[in-house]
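Structure assessment
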2 protein chains.
Amino acid sequence: MAAWAKGVRAVLLDVSGVLYDSGGPAGGAAIPGSIEAVSRIRGSGLKLRFCTNESQATRDHFVRKLQRFGFMISEEEVTAPGPAAKKLLKDRGLRPHLLVHDDLLPEFDSTDKSDPNCVVIGDAAENFSYQNVNHAFQVLLNMEKPILISLGKGRYYKETDGLKLDVGAYMKALEYACDITAEVVGKPSPNFFMSALAEMGVKPEEAIMIGDDLINDIGGAQSCGIKAVLVRTGKYRPTDEHHPDVTADGYVDNLALAVDILLSSKGSQ
Amino acid sequence: MAAWAKGVRAVLLDVSGVLYDSGGPAGGAAIPGSIEAVSRIRGSGLKLRFCTNESQATRDHFVRKLQRFGFMISEEEVTAPGPAAKKLLKDRGLRPHLLVHDDLLPEFDSTDKSDPNCVVIGDAAENFSYQNVNHAFQVLLNMEKPILISLGKGRYYKETDGLKLDVGAYMKALEYACDITAEVVGKPSPNFFMSALAEMGVKPEEAIMIGDDLINDIGGAQSCGIKAVLVRTGKYRPTDEHHPDVTADGYVDNLALAVDILLSSKGSQ
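Description of the structure in this document. (Residues numbered from 1 in each chain as written. Chains lettered and ligands numbered in written order. Predicted model: local features only at pLDDT ≥ 70, side-chain atom pairs only at ≥ 80, totals over all residues. Heavy atoms only, no water.)

**Digging into the overall build of chain A**
Cut-off, in case you're wondering: Numbering of helices and strands runs from the N terminus; a helix is a DSSP stretch of H or I covering at least four residues, while a strand is a stretch of E covering at least two. Within these notes, the globule rule equals 2.2 Å times the number of residues to the 0.38 power, and the radius of gyration is based on C-alpha atoms. Here, residues are in contact when the closest pair of their heavy atoms is within 4.5 Å. Here, Shrake-Rupley sampling with a 1.4 Å probe gives the accessible areas, and only protein chains in the shown set may cover a residue.
For chain A, the count of helices and strands is eight helices and 14 strands. For chain A, the C-alpha radius of gyration of 18 Å lies close to 18 Å, the compact-globule estimate for 269 residues. Considering only intrachain contacts with a sequence separation of at least 6, the fraction spanning at least 24 residues in chain A is 65%. Carbon and sulfur atoms make up 49% of the accessible area of chain A, which totals about 10800 Å².

**A short note on the pairing of strand S7 (residues 118-121) of chain B**
All names here are of chain B. The condition is simple: Exposure categories follow from relative accessible area, calculated using a 1.4 Å probe and restricted to protein chains: below 20% of the type maximum is buried, above 50% is exposed, and the middle band is partly exposed. Strand pairing requires that DSSP identify at least two bridges connecting the strands.
Residues of S7 alternate between two faces, with Cys118 and Val120 on one and Val119 and Ile121 on the opposite face, all of them buried. Two elements, strand S6 (residues 96-99) and S7, share four bridges in a ladder whose sense is parallel. Each residue of the ladder has a partner; that of Pro96, found in S7, is Cys118. As defined by bridge partners, S7 adjoins strand S8 (residues 148-151) across three bridges and the pair is classed as parallel.

**Considerations on the relation of the copies chain B and chain A**
To go from the first copy of the chain to the second, apply a rotation about an axis and then a shift along the same axis. What counts, and what does not: The copies are overlaid by a least-squares fit using only the C-alpha atoms of residues whose pLDDT is at least 70 in both copies.
If you rotate chain B by 180° and push it 0.0 Å along the axis, it lands on chain A with an RMSD of 0.0 Å. Here the two chains are linked by the operation of a two-fold rotation axis. Both copies present the same face, since 100% of the interface residues in chain B are matched by interface residues at the equivalent positions in chain A.

**Brief notes about the sheet that holds strand S13 (residues 227-231) of chain B**
Two modes of strand pairing occur in sheets, parallel and antiparallel, and in both the strands are linked by backbone hydrogen bonds. Residues and elements named next belong to chain B. Inclusion rule: The axes are straight lines fitted to the C-alpha atoms, using for helices just the contacting stretch, and the angles between their N-to-C directions are given from 0 to 180°.
Taken together, the six strands give an open sheet; going across it, the order is S5-S4-S1-S12-S13-S14, and neighbouring strands pair in parallel fashion. The sheet is open, and its two borders are formed by strand S5 (78-79) and strand S14 (250-252), each paired with just one other strand. Across four bridges, strand S1 (residues 10-13) lies against strand S12 (residues 207-211) in parallel orientation. Its bridge partner lying in S12, Ala10 is registered against Ala207. The strands touched by helix H1 (residues 34-44) are S1 and strand S4 (47-51); relative to S4, the strand with the most contacts, the crossing angle is about 140°.

**Some details on the nonpolar core**
Our working rule: Definition of nonpolar core: a set of buried residues of the types Ala, Val, Leu, Ile, Met, Phe, Trp, Tyr and Cys, connected through side-chain atoms within 4.5 Å.
Ranked by size, the top nonpolar core spans 58 residues in total, and within it A:Phe137, A:Leu148, A:Tyr170, B:Phe137 and B:Tyr170 carry the most contacts. Once you skip the residues sitting within four places of it in the chain, B:Tyr170 turns out to touch A:Tyr130, A:Val133, A:Tyr170, B:Ile121, B:Phe128, B:Val133 and B:Leu165. Counting residues in each nonpolar core, the second largest holds 34 residues, with A:Ala5, A:Val15, A:Val38 and A:Phe62 among its members.

**Things to note about the interface of chain B and chain A**
A common way to state how big an interface is: give the accessible area lost once the parts meet. How we decide: The term buried area means the drop in 1.4 Å probe accessible area that two parts suffer when joined, counted for both and summed. Think of a salt bridge as a Lys or Arg side-chain nitrogen and an Asp or Glu carboxyl oxygen that are within 4 Å of each other. As used in this structure description, the phrase polar contact means that two N or O atoms lie within 3.5 Å; if the pair is within protein, one of them must be able to donate a hydrogen and the other to accept it, and residues adjacent in sequence are counted only when both atoms belong to side chains. Classification convention: Asp, Glu, Lys, Arg as charged; Ala, Val, Leu, Ile, Met, Phe, Trp, Tyr, Cys, Pro as nonpolar; all other residues, Gly among them, as polar.
Contacts between chain B and chain A engage 28 residues on the former and 28 residues on the latter. Here chain B packs against chain A, burying approximately 2700 Å² in sum over the two surfaces, 61% of which is carbon and sulfur. Interface area lost by chain B to chain A is led by B:Tyr130, B:Leu165 and B:Tyr176, which between them contribute 32%. There are zero salt bridges connecting chain B and chain A. Counting across the chain B and chain A interface gives 14 residue pairs in polar contact (both at pLDDT 80 or more). Of all the secondary structure elements, the ones that give two or more residues to the side of chain B that touches chain A are helix H4 (130-141), strand S9 (156-159), strand S10 (162-165) and helix H5 (167-178) of chain B. In terms of residue count, H5(B) provides more of the side of chain B that touches chain A than any other element does, seven residues in total. Residue composition of the side of chain B that touches chain A, grouped by class: 15 nonpolar, six polar and seven charged.

**Points about the sheet that holds S6(B)**
Residue and element names in this part refer to chain B. Reading across from one edge, S6-S7-S8-S11 is the order of the four strands in this open sheet, with parallel pairing throughout. With one partner strand each, in any of the chains shown, S6 and strand S11 (183-185) form the two edges of the open sheet. In this sheet, adjacent strand axes meet at a mean angle of 25° when their direction is disregarded. Here H4 sits on the sheet in contact with S6, S7 and S8, set at roughly 160° to S6.

**With respect to the side chain of B:Glu54**
Residues and elements named next belong to chain B. In this structure, Glu54 sits in the loop between S4 and helix H2 (59-69). In this structure the side chain of Glu54 is engaged in a polar contact, spanning 2.8 Å, whose partner is the side chain of Tyr20. Not counting residues up to four positions away in its chain, the partners in contact with Glu54 are Ser16, Tyr20, Phe62, Lys65 and Pro81.

**As for the packing of helix H5 (residues 167-178) of chain A against H5(B)**
To keep it simple, the criterion reads: To sort the angles, those under 35 degrees are grouped as roughly parallel, those over 145 as roughly antiparallel, those from 65 to 115 as roughly perpendicular, and the leftovers as oblique. Two helices crossing with the near one rotated counterclockwise from the far one by less than a right angle form a left-handed crossing, whereas a clockwise rotation gives a right-handed crossing.
Interhelical geometry of H5(A) versus H5(B) gives an angle of 140° and a closest axis separation of 8 Å. In this view, H5(A) runs oblique relative to H5(B), as classed from their interaxial angle. As H5(A) packs across H5(B), the resulting crossing turns out to be right-handed. Residues A:Gly168, A:Ala169, A:Tyr170, A:Lys172, A:Ala173, A:Tyr176 and A:Ala177 of H5(A) form the contact with H5(B), whose participating residues are B:Gly168, B:Ala169, B:Tyr170, B:Lys172, B:Ala173, B:Tyr176 and B:Ala177.

Below is the structure:
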């Protein structure tokens, strides 16, 4: 029996690369077994929360896509960087220049964007044109004290037609060009994991994070005292099992198998 | 009298931001006084070499542009990263995937680019689309041991209509996404400065570098034992005079004034 599965009361699930692979005309495809795996977690009485860095769409839009794929999921169960950033901007009186995906823009409809005093970047994909990235750079360099807020810091993610550069790469480009350090909203920020736990009312040692991103999912969760399992789907690469800094509490072929282990452990407790 | 001007036998001139500002329909405009300043260096008997990180065009094309602006300059006097990279690729049997400006492509006409085993990035400007940067990323990640060669590592440069992101920002994006370190050809690489000195037949302590980039021109030259003066043109920003790591040997308003100081020092020796 896997040690990581003992005493778990709550599951934090990464979404892209664990539940589905994005891309293509349909916006992606469910990973085999994952739809049933989510249902089985629900049926088991374990608490469940989706903890995603997806910033290509509003949370509402994102949830509807997953429902179309067949997942049982509601907006209130999703911790995502868009809403977290919106709250941060409001709390600190920041007015963003946005370099994000068109589909994320409605998340900031009610946010004051006049006379920007910060830049917010998300996974803008095709919107990461030279012109747009350069514009964000110029806005930052015109500030007395540039503030860059990044929705996650992922290196890349997997779409149905291959690996794609994620927001982290462009965050690094702007950090270097402006000689600044970005503030990250989303995984691996401890605040992000802790707010997901608070919403479930559990302690770090009672939860398990399941993800395909060694640094952001596994390393991020572990830094909060949450155990974390890497699935061999999505952006997983074999070298992830021999990383110098981060070692997962478990490595499992996919979400369905992780849930098998989790539920058999629960049954034997 | 300025201490940096003493005992100078050879001048290394950065080009963009010192001789001219690039951009606009004419490809840029000479900085006032700089055409005469170059002529006066020539007339003084000082050795002269142009040491540029410009990688938006072949050396030939670049020199013809400067001649059009009125500068006396020949291709043999220019140390540029394109030809240096071409030599490096040949010496090491590397076949590049190129992410460069269209106008630099002819520099690599005779280079074998089949089945790439490295990626070369230059100042690709508008060619830094999400699609192109992502493609370079995928090529790198498909290599067993990814090799990224960057033509310079500048943060930004000045065009007539504002500051523009330079190759260094995209180098950092790819370094981060692939978890690798790029090899830099061009300033501030010591090899690059030393080959320029060798072509003039002078020692580091006999030369002066004049540039507008504190890190790449000033820091780079100083790391080779070459004195270096920052001009307050091009990408210069007042904060450059209070940098925690790099202090220029002199700060001068523009090239014309730097040459005034240099030649009056020479006259008084």
